[in-house]
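# Close look at the chain arrangement
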There are 2 protein chains.
Amino acid sequence: MGKSWVNSWVDSAERIGADLHLDLSDSTGASGASGPGGRRAALTRALRDAVREGRLAPGTRLPPYRSLAADLGVARNTVADAYAELVAEGWLTARQGSGTRVSERAEPLRRTERVPRKAPPRTRGPRHDLRQGTPDASAFPRAAWLASYRRALQQAPNEVFGPGDPAGRVELREALTEYLARARGVRTEPGRIVICSGFAHALRLLFGQDKSRGGAAVLRGPLAVEAYGLGFHRELLAATGVRTVPLPLDEDGVRGDRLGRERAVLLTPAHQFPTGGPLHPERRAAVLDWARARGSVILEDDYDGEFRYDRKPVGAVQGLDPARVIFIGSVSKSLSPAVRLGWMVLPERYVDDVLAAKGEREAWASVLDQLSLADLIASGAYDRHVRRMRQRYRSRRDRLVAALATHAPHIEVTGVAAGLHAVLRLPPGTERSTVKAATWQGIALDGLAEFRHPEATEPEMPAHDGIVVGYATPSEHAYGAALEALCGVLPPPGE
Amino acid sequence: MGKSWVNSWVDSAERIGADLHLDLSDSTGASGASGPGGRRAALTRALRDAVREGRLAPGTRLPPYRSLAADLGVARNTVADAYAELVAEGWLTARQGSGTRVSERAEPLRRTERVPRKAPPRTRGPRHDLRQGTPDASAFPRAAWLASYRRALQQAPNEVFGPGDPAGRVELREALTEYLARARGVRTEPGRIVICSGFAHALRLLFGQDKSRGGAAVLRGPLAVEAYGLGFHRELLAATGVRTVPLPLDEDGVRGDRLGRERAVLLTPAHQFPTGGPLHPERRAAVLDWARARGSVILEDDYDGEFRYDRKPVGAVQGLDPARVIFIGSVSKSLSPAVRLGWMVLPERYVDDVLAAKGEREAWASVLDQLSLADLIASGAYDRHVRRMRQRYRSRRDRLVAALATHAPHIEVTGVAAGLHAVLRLPPGTERSTVKAATWQGIALDGLAEFRHPEATEPEMPAHDGIVVGYATPSEHAYGAALEALCGVLPPPGE
């Protein structure tokens, strides 16, 4: 004990004074006004590092202030201050009479903690990305967004940088009121819009249980959903404890007449996801009748409502009865999922509960992004971008249809000319092998089965073979090759 | 029936053709490339508005295409298209032989839905805002932030605008690894950092139950907390179903020796919130010993760790044992709560669970803000801003202390010179009346009782009278008046 004590003393004094080659002049001096200077900071850091990395072992006694100060050519107080600081942090311990030692608790960084965690296997991305759900990332309107962001930041009153209104910035809610009325036939006012981080956040705000209110959520299940839809939404709802009940679909959209005792229904009326048809007017009416008769509510997922190519977009169901519909949208398809902004248009009676679920202050959506989006919409740049993207995606879809007509005329594109994806109907029994063949060829896409509700049953809801092609995802220059590759993996005509 | 039918026919034909004064030339023509032109759009909109607002009542029959087209001087097809669109949207119904009518389901916007929801009583703000928790909103570094944002946006590769990594952008995690090591003594690497929207989001990610995993959360309660802390955090935890157990505090910080069977402890070691002391080195050691012995974890809330004025900031507990501490920070105090960005530095074993709780893609933090913050840190502008604010807040605190010394020498400022707030110790029994007097004088601030855990008990945890003064909140020019007003409401010396 005595021996090792002496050794460690000598070791540490030697290392600290000499081997560590503390070059106190190279300190940044950054602490300037707020601390007693760079030398102390540099010494503190060097000592801390030495303890951390195990070069100064737990229990090691440090040299007295005086000796170390002399060795390093610094003031005695500099050493004293550095020691004191490390004692306050817990790296060193100081006891009357036994000097300053490396704390027994200062564990050197363990091997497992020190090894850099591998970057998640750099999802090198498939050669051809035809997954649905993402706009062309190369088309983000950088210049327009930056211009709006700059204006918003420069014009923002100071209160913008304080605690935020959980409803979202009024500038954005005003811009959305006007825009959604014009582009989507939504009838609302700024006081009934709540800004959120996207569709998933909206679902969480509506269905998340709040134990402080006795487990009450804004809405309760069971929730009727379309028999085909995003698995991600179903899983999110399941995680929240909400049971989803699949409704059969046919070419006129969801069978509203099959709605029963559910408390709410989640629909994609403008462009059924993923099968691609709009909800027939009579079905819209049937769903509204049901909601009115039962006091239920319709959740309208307007995920790509702006993108219709054969005619003007069909207006939102919300406009037919604002008291029965919660309309939910976001910029994830129109601009980019990197801008984490969405909105809920609520019937009056839900506003307070949703705000309560969101919290006392804005804790989610970036306030500066909100102001930037408000400016982008108000300046007309958002409309221009959507129009440009509509043309681009329309031409992508046309090229897809043309390529199929030439190379695989037996494959049908289902649904209307709209959105950022299309479903290709495949001969029975060929879906799995087609997806597999695509994977082999470096094409990422999903089979239709991925989107089917696990409780949907035959014969009520026939399970067709198909693939979902996200034609918006590739950049413009990569799309031709992706199409060509796709045509190469489609099943031949049945005999 | 027949009569009213005729009347409504005549009414509507007349209104639509004449009274509505449809000026089809004033359409924006915005639908240009994507639709058959502005006239159809304008007509569709005018008709939709008429139905919405109840000017065309449910059941009303619309004039035949031909007549309306002639009245308006447009092509027959334009009217036909407009009708078809409104049928698709559900505003109109078309039946063979009975023409086109206003749908029975198209409810006019009800009165309660139409009345603009009042803006929340324009929280005109108190005359003097001394509430804790917010930095000086007038000091947001607009120019530096905009410069970083511009660089980030211009240099971003296209993939930035696609689906985001739920861990957060690697650029930001790398910048934080370096910054937190330098400024806070945190030992980590980018793979163990997860970006979030702030401290509350971090708590939700750690303690939120996920029913899809059988109700499993990353961490479970009971959670030990300091007997004084933010009520908001306690409520959030309660809403998540986590029981919090108060630990007594004294001038050396929290009584780590009172830790028992809790699974985790939430601490503010650098600057106890709100009482203002740093956690004594021996207490740090005791908490670490407890965590190691019981396999528990320490949540380190580093809410204002950068702001210490009397000496260099005390390093994070995390640095002493990165495997036992979850370190949580954000820009809410250093920059602004309007930038919704925070971070969790995790022991290796929690990383995957936290990422699973966060979701498959980034659904929360703005990716562009992440890149901007990464640039702000890497460029040194973040350090410069923190240093500037440190000087500003230090002078605010000095002025507070000086004002008290002059006008209320019997009132003690507790805690160390640090942070964005101070606690003024008041004579016993005077807290409530002081807060009331402050409110009367237009001063917003909180009494210490607000922050006390409801289960904290005397005599173990004495309930001192005091007020929490957020001296960072006012803008620079408003601070002097706020101080003066504050001194005016403090209780006189006890006799």
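Residues numbered from 1 in each chain as written. Chains lettered and ligands numbered in written order. Predicted model: local features only at pLDDT ≥ 70, side-chain atom pairs only at ≥ 80, totals over all residues. Heavy atoms only, no water.

## Considerations on the overall build of chain A
So the rule is basically this: Here a helix means four or more residues in a row that DSSP labels H or I, a strand means two or more in a row labelled E, and each is numbered from the N terminus. Summary of the burial criterion: residues with accessible area below 20% of their type's maximum are buried, those above 50% are exposed, and those between are partly exposed, where the area comes from a 1.4 Å probe applied to protein chains only. The contact criterion used throughout is that any non-hydrogen atoms of two residues lie within 4.5 Å. Computed by Shrake-Rupley with a 1.4 Å probe, the accessible areas treat only the displayed protein chains as cover when residues are assessed.
Helix and strand content of chain A: 15 helices and 17 strands. Counting only residues that meet the buried cut, chain A has 59% of its 495 residues in that class. Look at the contacts in chain A between residues 6 or more apart in sequence, and 74% of them connect residues 24 or more apart. In the structure as shown, chain A presents an accessible area of about 19,900 Å², 51% of it carried by carbon and sulfur atoms.

## Topic: the domain arrangement of chain A
Residues and elements named next belong to chain A. The criterion, for reference: For the domain bounds, the source is a domain assignment made automatically or taken from a database. The term buried area means the drop in 1.4 Å probe accessible area that two parts suffer when joined, counted for both and summed. For salt bridges, the criterion is a side-chain nitrogen of Lys or Arg within 4 Å of an Asp or Glu carboxyl oxygen.
Per the domain assignment, the segments of chain A are domain 1 (5-102), domain 2 (141-380) and domain 3 (385-489). Placing a centre on the C-alpha atoms of domain 2 and another on those of domain 3 gives a separation of 26 Å. Of the residues lining the interface, 31 residues belong to domain 2; the matching set on domain 3 comes to 31 residues. In total, domain 2 and domain 3 occlude about 2,600 Å² of area from one another, counting both sides; carbon and sulfur atoms represent 63% of this. Considering only the side of domain 2, the residues that lose the most area to domain 3 are Tyr228, Phe307 and Tyr309, jointly responsible for 30% of the buried surface there. Applying the counting criterion to the domain 2 and domain 3 interface returns one salt bridge.

## So, the pattern of salt bridges
Residues and elements named next belong to chain A. Within the structure shown, the criterion is met by 42 salt bridges over all chains. Arginine 169 is paired through a salt bridge with glutamate 171; the nearest N and O atoms lie 2.9 Å apart. For arginine 169, a relative accessible area of 14% corresponds to the buried category. Between glutamate 476 and arginine 392 there is a salt bridge, with the nearest N and O atoms lying 3.4 Å from each other. Of this pair, glutamate 476 sits in helix α15 (residues 476-489) while arginine 392 sits in helix α13 (residues 381-407); the two residues are 84 residues apart in sequence, bridging distant segments of the chain. Sharing partners across several salt bridges, the network here consists of Asp136, Arg392, Arg396 and Glu476.

## Side note on the pairing of strand β1 (residues 92-95) of chain B
Residue and element names in this part refer to chain B. Counted only if it meets this: Pairs of strands are assigned from DSSP output, requiring at least two bridges between the strands.
Two elements, β1 and strand β2 (residues 99-102), share four bridges in a ladder whose sense is antiparallel. The residue bridging arginine 95 from the neighbouring strand is glycine 99, located in β2. What sits between β1 and β2 in their antiparallel hairpin is a turn of three residues, with glycine 97 showing a positive phi close to 85 degrees.

## Looking at the sheet that holds strand β9 (residues 264-267) of chain B
All names here are of chain B. Note the following rule: Fitted lines through C-alpha atoms serve as axes, helices being fitted only where they are in contact, and the angles separating the N-to-C directions of these axes extend from 0 to 180 degrees.
Strand order in the open sheet formed by seven strands is β4-β12-β11-β10-β9-β5-β6, with mixed pairing between adjacent strands. Two strands bound the open sheet, and with one partner strand each, they are β4 (193-196) and β6 (244-247). Averaged over neighbouring strand pairs, the angle between their axes works out to 20 degrees when direction is ignored. Bridging between strand β11 (residues 325-330) and strand β12 (residues 342-345) involves four bridges; their strand directions are antiparallel. When the bridges of β12 are listed, glycine 329 appears paired with tryptophan 343. Contacting β4, β11 and β12, helix α7 (residues 170-184) crosses the sheet at an angle of about 105 degrees to β4.

## Quick look at unusual backbone geometry
Residues and elements named next belong to chain A. The omega torsion of the bond from phenylalanine 273 to proline 274 falls at 0 degrees, within 30 degrees of zero and hence cis. Summarising the element assignment, proline 274 is placed in the loop between β9 (264-267) and α10 (281-294). Backbone torsion omega between glutamate 458 and proline 459 reads -5 degrees, so that peptide bond is classified as cis. Counting through the fold element by element, proline 459 comes out in the loop between β16 (446-447) and β17 (466-469).

## What about the side chain of arginine 48 of chain A?
Inspection of the secondary structure assignment puts arginine 48 of chain A in helix α2 (residues 38-52). Ignoring sequence-local partners within four residues, the contact set of arginine 48 of chain A consists of Glu85, Leu86, Glu89 and Trp91 of chain A together with Lys312 of chain B.

## Re the interface of chain A and chain B
Stated formally: Each polar contact in these results corresponds to two N or O atoms within 3.5 Å; when the atoms are within protein, one needs to be able to donate a hydrogen and the other to accept it, and residues that are neighboring in sequence are counted only if both atoms are side-chain atoms. Side-chain classes are defined by residue name, with Ala, Val, Leu, Ile, Met, Phe, Trp, Tyr, Cys and Pro counting as nonpolar, Asp, Glu, Lys and Arg as charged, and the others, Gly among them, as polar.
Every contact between the two is made by 106 residues of chain A and, on the other side, 107 residues of chain B. For the interface between chain A and chain B, the tally reads zero salt bridges. Counting across the chain A and chain B interface gives 21 residue pairs in polar contact (both at pLDDT 80 or more). The greatest single-element share of the side of chain A that touches chain B, amounting to seven residues, is contributed by helix α6 (residues 142-155) of chain A. Taken together, the residues of the side of chain A that touches chain B break down into 46 nonpolar, 21 polar and 39 charged.

## Observations regarding the packing of helix α2 (residues 38-52) of chain B against helix α4 (residues 76-89) of chain B
Residue and element names in this part refer to chain B. Going by this rule: If an angle is under 35 degrees, it is roughly parallel; if it is over 145, roughly antiparallel; if it lies from 65 to 115, roughly perpendicular; otherwise it is oblique. Take the far helix as your reference; a near helix turned counterclockwise from it by less than a right angle gives a left-handed crossing, and one turned clockwise gives a right-handed crossing.
Running from amino to carboxyl end, α2 crosses α4 at an angle of 50 degrees, the nearest separation of the two axes being 9 Å. Our classification of the angle between α2 and α4 gives oblique. As α2 runs across α4, the sense of the crossing is right-handed. Here α2 contributes Arg39, Arg40, Leu43, Thr44, Leu47 and Arg48 to the contact with α4, which in turn contributes Thr78, Val79, Asp81, Ala82, Tyr83, Glu85, Leu86 and Glu89. Its residues assigned to classes, the contact of α2 with α4 shows six nonpolar, two polar and six charged.

## Brief notes about the relation of the copies chain A and chain B
Heads up, the rule is: To superpose the copies, least squares is applied to the C-alpha atoms of every residue with a pLDDT of at least 70 in both.
Expressed as a screw operation, the relation of chain A to chain B combines 0.0 Å of axial shift with a rotation of 180 degrees, fitting to an RMSD of 0.1 Å. Taken together, the rotation and translation relating the two chain copies correspond to the operation of a two-fold axis. Take the interface residues of chain A: 100% of them recur as interface residues in chain B, which is what a same-surface contact looks like.

## Digging into the packing of aromatic side chains
Going by this rule: Only rings of Phe, Tyr and Trp enter the pairing, Trp through its six-membered ring, and a pair is recorded when the two centres are within 6.5 Å. The plane angle decides the type: under 30 degrees is stacked, over 60 is edge-to-face, the rest tilted. Distance and angle both matter: a charge sits over a ring if NZ of Lys or CZ of Arg is within 6 Å of the ring centre and within 35 degrees of the ring normal.
This structure, assessed with the given rule, holds 16 aromatic pairs over all chains. Note on phenylalanine 273 of chain A and phenylalanine 451 of chain A: the rings are 5.6 Å apart at their centroids and 80 degrees apart in plane angle, and the pair reads as edge-to-face. Here phenylalanine 273 of chain A, found in the loop between β9 and α10, pairs with phenylalanine 451 of chain A, found in the loop between β16 and β17; they are 178 residues apart in sequence, far enough to count as distant. Among the residues examined, phenylalanine 451 of chain A registers a relative accessible area of 4% and is labelled buried. These aromatic residues form a ring-pair network of at least three members: Phe140 and Trp145 of chain A together with Phe161 of chain B. For arginine 396 of chain A, the ring lying beneath its charged end belongs to tyrosine 479 of chain A, and the centroid distance is 5.0 Å.

## As for helix α4 (residues 76-89) of chain A
Spelled out, the test is: To estimate the expected span of a helix, subtract one from its residue number and multiply by 1.5 Å.
Relative to the 20 Å expected for 14 residues at 1.5 Å per residue, α4 of chain A spans 20 Å between its end C-alpha atoms, a close match to the ideal helical length. Among the 14 residues of α4 of chain A, 10 are classified as buried, and the element is accordingly described as predominantly covered. Restricting attention to buried positions, one finds in α4 of chain A the residues Thr78, Val79, Ala80, Ala82, Tyr83, Glu85, Leu86, Val87, Ala88 and Glu89 of chain A. The inward-facing, buried residues of α4 of chain A abut α2, α3 (65-72), β1 (92-95) and β2 (99-102) of chain A together with α10 (281-294) of chain B. Two residues or fewer past α4 of chain A, glycine 90 of chain A is found with a positive phi of approximately 100 degrees.

## Side note on the nonpolar core
Our working definition: Here, nonpolar core means buried Ala, Val, Leu, Ile, Met, Phe, Trp, Tyr and Cys residues that are tied together by side-chain atoms lying within 4.5 Å of each other.
Core analysis: the largest hydrophobic core is formed by 138 residues, its most contacted members being Trp145 and Leu373 of chain A together with Trp145 and Leu373 of chain B. With near-sequence residues (within four places) excluded, leucine 373 of chain B lies in contact with Trp145, Leu172, Val331, Leu335, Leu341, Trp343 and Tyr382 of chain B.

## Brief notes about helix α3 (residues 65-72) of chain B
Residue and element names in this part refer to chain B. Selection criterion: By construction, the arc corresponds to the directions joining the helix axis to the C-beta atoms.
Among all positions in α3, only Leu68, Ala69 and Leu72 are buried. Axial view of α3: buried residues confined to an arc of 100 degrees, hence all on one face. With respect to the buried face of α3, the exposed residues turned more than 90 degrees away are Arg66, Ala70 and Asp71.

## Points about the sheet that holds strand β12 (residues 342-345) of chain A
Residue and element names in this part refer to chain A. One open sheet accounts for seven strands, arranged β4-β12-β11-β10-β9-β5-β6; its pairing is mixed. Either end of the sheet is taken by a strand with one partner, and the two such strands are β4 (193-196) and β6 (244-247). Strand-to-strand twist across the sheet, computed as the mean angle between neighbouring axes with direction ignored, equals 20 degrees.

## Quick notes on the side chain of glutamine 370 of chain B
Residue and element names in this part refer to chain B. Within the secondary structure layout, glutamine 370 lies in helix α12 (residues 367-378). The buried category is assigned to glutamine 370, whose relative accessible area is 0%. Side-chain polar atoms of glutamine 370 contact the backbone oxygen of alanine 365, separated by 3.3 Å. What glutamine 370 contacts, discounting residues up to four positions off in sequence, is Gly168, Arg169, Leu172, Ile195, Leu341, Glu362 and Ala365.

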